[in-house]
Amino acid sequence: MSIDHTSPSPVVILGGYGVFGGKLSQALLRDPNFHVLIAGRDTEKAQAFCRQHGGSPVCLDRNARNFATELAKLIPAIIVDAAGPFQDYGAGKYCVAETAIDLKSHYLDLSDDAELTKGIVCLNERAQQAGVVLLSGVSSVPALSSAAVATLKDDFDQIDLIESTILPGNRAPRGLSVIRAILMQAGKRIPITRDGNPDHVIGWSGLRRDAIGGKNPGNLPRRWSSFIGAPDLTLFPKHYGARTVLFRAGLELSILHLGLWLLAWPVRLRMVRSLEPASRLLRTIAGWLEPFGTDRGGMEVRVAGLDKSSRPVSRSWALIAEAGDGPHIPAVAATILCKRLLTQSVQPGARACLGEFSLNEIEDATRHLSVTTDRQEELSPTLFQQALGLDFRALPAAIQSLHTVFDRRTWTGRAKVTRGRSSLSLLLCRTFGFPAESDETPLTVTIERRGNKEIWRRCFGAKAFQSVMSLRDNDGVGHIRERFGFMSFDINLLVDDEGLHFPVSRGTLFGTPLPKWLLPVSEATETSANGIFNFDVKISLPGIGMLVHYQGWLQAARADTDCVQKADLKATTSAR
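Cut-offs applied
- Residues numbered from 1 in each chain as written.
- Predicted model: local features only at pLDDT ≥ 70, side-chain atom pairs only at ≥ 80, totals over all residues.
- Heavy atoms only, no water.
- Pairing = 2+ DSSP bridges.
- Helix = DSSP H or I, 4+ residues; strand = E, 2+ residues; numbered from the N terminus.
- Axes fitted to C-alpha atoms, helices over the stretch in contact; angles between N-to-C directions.
- Contact = heavy atoms within 4.5 Å.
- Buried < 20%, exposed > 50% of the residue type's maximum accessible area, 1.4 Å probe, protein only.
- Polar contact = N/O pair within 3.5 Å; in protein donor to acceptor, adjacent residues only side chain to side chain.
- Salt bridge = Lys/Arg side-chain N within 4 Å of Asp/Glu carboxyl O.

As for the sheet that holds strand 11 (residues 220-227)
1) Next: Taken in spatial order, the seven strands of this open sheet run 10-11-12-7-13-14-16, and their pairing is mixed. The outermost strands of the open sheet, each flanked by one partner alone, are strand 10 (208-212) and strand 16 (371-379). If you compare each strand with its neighbour and ignore which way they point, the axes differ by 25° on average.
2) Next: As paired elements, strand 14 (residues 312-321) and strand 16 share nine bridges and run antiparallel to each other. Within strand 16, the residue paired with Ser314 across the bridge is Glu378.
3) Next: Along the sheet, helix 9 (residues 231-240) contacts strand 7 (156-167) and strand 12 (244-249); its crossing angle with strand 12, the most-contacted strand, is approximately 150°.
4) Next: Seen against the sheet, helix 10 (residues 254-268) touches strand 10, strand 11 and strand 12 and runs at an angle of roughly 15° to strand 11.

A word on the pairing of strand 17 (residues 408-419)
Every other side chain in a regular strand lies on the same face of the sheet, so the side chains alternate between the two faces.
1) Next: By the criterion of burial, strand 17 is predominantly enclosed, with nine of the twelve residues buried.
2) Next: As judged from the nine bridges shared by strand 17 and strand 18 (residues 438-450), these two strands associate in the antiparallel manner. Of the residues in strand 18, the one forming a bridge with Gly413 is Leu443.
3) Next: Relative to strand 29 (residues 545-556), strand 17 is paired through nine bridges, and the arrangement is antiparallel. Within strand 29, the position partnered with Arg419 by the bridge is Val548.

Quick notes on the sheet that holds strand 5 (residues 106-109)
1) Next: Within the open sheet, the seven strands sit side by side as 3-2-1-4-5-6-15. Their pairing is parallel. For this open sheet the edge positions go to strand 3 (56-59) and strand 15 (349-352), each flanked by a neighbour on one side alone. Within this sheet the neighbouring strands show an average axis-to-axis angle of 20°, counted without direction.
2) Next: Where strand 2 (residues 34-40) and strand 3 come together, four bridges link them in parallel fashion. In the sheet register, Leu37 faces strand 3, and the bridge partner there is Ser56.
3) Next: Across the sheet, helix 4 (residues 95-103) touches strand 1 (9-14), strand 4 (78-81), strand 5 and strand 6 (133-136), and the angle it forms with strand 5 is around 165°.

With respect to helix 12 (residues 332-342)
Note: α-helices contain 3.6 residues per turn, so residues at a spacing of three or four share the same orientation.
1) Next: Of all the eleven residues making up helix 12, nine are buried; the element is thus mostly covered by neighbouring parts of the structure.
2) Next: Turning to helix 12, its buried residues number three or more, namely Val332, Ala333, Ala334, Thr335, Ile336, Leu337, Cys338, Leu341 and Leu342.
3) Next: Positioned one or two residues after helix 12, Gln344 has a phi angle of 55°, which is positive.

Remarks on the pairing of strand 27 (residues 521-529)
1) Next: In this sheet, strand 27 lies alongside strand 24 (residues 500-501) in antiparallel orientation, the contact comprising two bridges. By the bridge assignment, Leu500 is partnered in strand 27 with Glu526.
2) Next: With nine bridges connecting them, strand 27 and strand 28 (residues 532-541) associate as antiparallel partners. Note that in strand 28 the partner of Thr527 across the bridge is Asn534.
3) Next: Turn length for the strand 27-strand 28 hairpin, with the two strands adjacent in sequence and antiparallel, is two residues, and the turn residue Asn530 shows positive phi of about 55°.

Re the side chain of Gln185
1) Next: When you line up the elements, Gln185 lands in helix 8 (residues 176-185).
2) Next: In this structure the side chain of Gln185 is engaged in a polar contact, spanning 2.6 Å, whose partner is the backbone nitrogen of Gly229.
3) Next: The contacts of Gln185, once residues within four sequence positions are left out, are Gln87, Ile190, Gly203, Ile228 and Gly229.

A few points about unusual backbone geometry
1) Next: Here the bond from Val141 into Pro142 is cis, since omega is -5°, no more than 30 degrees from zero.
2) Next: Inspection of the secondary structure puts Pro142 in helix 7 (residues 140-152).
3) Next: Here the phi dihedral of Arg270 falls at roughly 60°; this positive angle occurs in a residue that is not glycine.
4) Next: If you trace the backbone, Arg270 turns up in the loop between helix 10 and helix 11 (279-288).
5) Next: Positive phi, close to 65°, is recorded for Ser310, a residue that is not glycine.
6) Next: Here Ser310 shows up in the loop between strand 13 (297-307) and strand 14.

What about the pattern of salt bridges?
Pairing between side chains of opposite charge can happen when the charged atoms of each approach one another.
1) Next: Tallied over the entire structure, the rule returns 30 salt bridges.
2) Next: Of the charged contacts, one joins Glu356 and Arg351 as a salt bridge, the two residues approaching to 2.7 Å between their closest N and O atoms.
3) Next: Since its relative accessible area comes to 17%, Glu356 is described here as buried.
4) Next: Here Arg375 makes a salt bridge to Glu363, at a shortest N to O gap of 3.5 Å. With Arg375 in strand 16 and Glu363 in helix 13 (residues 359-365), the pair connects residues that are twelve residues apart, well separated along the chain.
5) Next: With relative accessibility at 15%, the residue Glu363 sits in the buried group.
6) Next: Where salt bridges share partners, they join Arg194, Asp199, Asp407, Arg408, Glu448 and Arg450 into one cluster.

Have a look at this one:
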């Protein structure tokens, strides 16, 4: 589309008086190349905004029958949908984008809905024929987060994890659309890709304390975060070849974050269909608490995996907004792209907004704000890499792969299980949850990393038991500790030509050291044959003899593995 630069280009911003749409409107109003039209259903709000900030108020309702006709009268060069909530758009979710094609106008939206953002590609052929640009997700995610990933992923040979976190300040304005979008997801299943396979998390579950900005003096202190949906979850696995993609968000005040976590439980238990009807009430309650907390917020994008030298590396990009400037951040991407559309430097077509601009452009566009950015890189060795040091490289590739866990890995295979014959041996096997005897049983092993710990869940057929592994002490060189409930065992890791051995050196019960005559004898070995991971584990007790002996093989799990789906809540509880 050819744009006349002799006069300001009309930009129609639907929801232009809202929280994020308003910030975009303010940004474009500072540029004389744009004639900003503040559009929405509420004429009074549009007029009030324009009296304070400038621009022209317009009454437009995307659901009205005459929407396309009224929009055409404005002769827009660019149409921006900043209204939302995008999760609620339903069957006509692309009506604004389709109208933009008919009018030969460019279109951007600030969608945070994964399916809407991914699906806009269905209009690609029509957009190319019309010579216009249609970009969805022109906001913090996936526009800013993808720009970070595009830079951070350089020199990675394998991307195991992309994780983004957004933690706004409590004094940031809360638009009703944003609150509705969060409540629509709380307690609901959110599809994700984990370990290369389809999986799910529950909205506003997975409580964790996160800091943004690492150990820098100006970092954002630790706050609660939980899982939430975002376009990144759908788009990044294929686009960047990432094994796992996660997205988290949080509220600064613990009473708000933990309160929402509790409220999500009735939805999880299917006692309540959705929290969305309580949007206005919860917005009012949050408003009462607005004076508390701070006006500091931030986002962080982390990429972890193996670099081209097979080193475990974690890289991150963090943005921290001060002085109440956080709400400006979701509008930064649209500001950059509106300006680039004037110069026709954006490829025509319809697509999700992935890597359309660089981190440098983001940092330039935020220089007038109280915003700091930071990039970090650090070695991120896994538990066994820390414990074994250089010896880890001496292990066969199959063993290294199983013990390279940045988030969660799942392995499936077969095992032969033999139990001891004595009555006491059988009783102890039942007590510890060891699997039943079988010549061949399906086996699933799920390893989940939690900081410097790993939760191992082993499913022998329908029988499952789990343990938590960690470094034995601060240096952890050559030693790990494995905990089964109230019992813990110190294990010496030995590497030789056969593979990796796990002899037990010490044990405790409720923290009390076990005498030698109660200390289990572990004959556990991991080996590799023809590139396949093999294991042989035999556990005995002095004076009693063998308790259990299981041996078999494992390979990376396929998408039909169901043990992963059951592990999340139990592993979370065990890790604590």
